[in-house]
Amino acid sequence: REHNLRMLELSEAEWDSASELCEILKVFKDATTFFSRTTPNLATIIPAIDHIDEILTSHESDESLNGSVRAALSLGKKTLDRYYSLTDSSEVYRIAMVLHPRHKLSYFQTAGWTADWIQTA
């Protein structure tokens, strides 16, 4: 029985865009898996957001990617930035980072935070 579904079939270009997007969005799957399998702690939140931000930023301006994929990455980065800025309203994230034996202030220095932000932390 014919349902005329051929008109809904993805084109080769659409499959390429979907493949590009899947590869880049893998970072979200990895983060979700990481936070789901272990007991997350506050000291892992900022590094995880920084890692996701690096991935989105590096691909956002990649001219080899489809324009719609770059636009989606730009919107995703804006959303991530909005949530990241919420960590500024609570000192517990910075306190957890400073008290964490692995991070202390070195994480902020390595991540390129400005001296006044590190001082605030």
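Thresholds applied
Residues numbered from 1 in each chain as written. Predicted model: local features only at pLDDT ≥ 70, side-chain atom pairs only at ≥ 80, totals over all residues. Heavy atoms only, no water. Helix = DSSP H or I, 4+ residues; strand = E, 2+ residues; numbered from the N terminus. Rg over C-alpha atoms; globule rule 2.2 N^0.38 Å. Contact = heavy atoms within 4.5 Å. Areas by Shrake-Rupley, 256 points an atom, 1.4 Å probe, with all protein chains shown as cover. Expected span 1.5 Å × (residues − 1). Bend = angle between axes of the 7 residues up to and from the residue. Buried < 20%, exposed > 50% of the residue type's maximum accessible area, 1.4 Å probe, protein only. Salt bridge = Lys/Arg side-chain N within 4 Å of Asp/Glu carboxyl O.

## Examining the overall build of the protein
Right, on to step 1. The secondary structure content of the protein amounts to six helices and zero strands.
Right, on to step 2. Starting at the N terminus and walking to the C terminus, you meet the elements of the protein as α-α-α-α-α-α.
Right, on to step 3. Taking 14 Å as the expected radius of gyration for a compact globule of 121 residues, we find that the protein reaches 19 Å, considerably beyond that expectation.
Right, on to step 4. For the protein, restricting intrachain contacts to residue pairs at least 6 apart in sequence, the fraction spanning at least 24 positions comes to 58%.
Right, on to step 5. Split by element, the accessible area of the protein, about 8,700 Å² in all, is 57% carbon and sulfur.

## What about helix 1 (residues 12-37)?
Right, on to step 1. With 26 residues, helix 1 ought to run about 38 Å at 1.5 Å a step, and its terminal C-alpha atoms sit 36 Å apart, in line with that.
Right, on to step 2. Along its length, helix 1 shows its largest kink, about 35°, at Ile 24.
Right, on to step 3. All buried positions along helix 1 are accounted for by Ser 17, Ile 24, Val 27 and Ala 31.
Right, on to step 4. In this fold, the buried residues of helix 1 make contact with helix 2 (42-60) and helix 3 (67-86).

## Looking at the side chain of Thr 44
Right, on to step 1. Residue placement: Thr 44 occurs in helix 2.
Right, on to step 2. Residues in contact with Thr 44, not counting those within four places in the same chain, are Phe 34 and Phe 35.

## Observations regarding the pattern of salt bridges
When their charged atoms lie close together, side chains carrying opposite charge are able to pair.
Right, on to step 1. All told, the structure shown has six salt bridges when counted by the stated rule.
Right, on to step 2. Residue Arg 6 is joined to Glu 9 by a salt bridge in which the shortest nitrogen-to-oxygen separation is 3.2 Å.
Right, on to step 3. As a salt-bridge pair, Lys 77 and Asp 81 come within 3.4 Å of each other at their nearest N and O atoms. Placement of both Lys 77 and Asp 81 in helix 3 is noted, with a separation of four residues, approximately one turn of the helix.
Right, on to step 4. Since its relative accessible area comes to 34%, Asp 81 is described here as partly exposed.
Right, on to step 5. It is possible to trace a salt-bridge network through shared partners that takes in Asp 53, Lys 77 and Asp 81.

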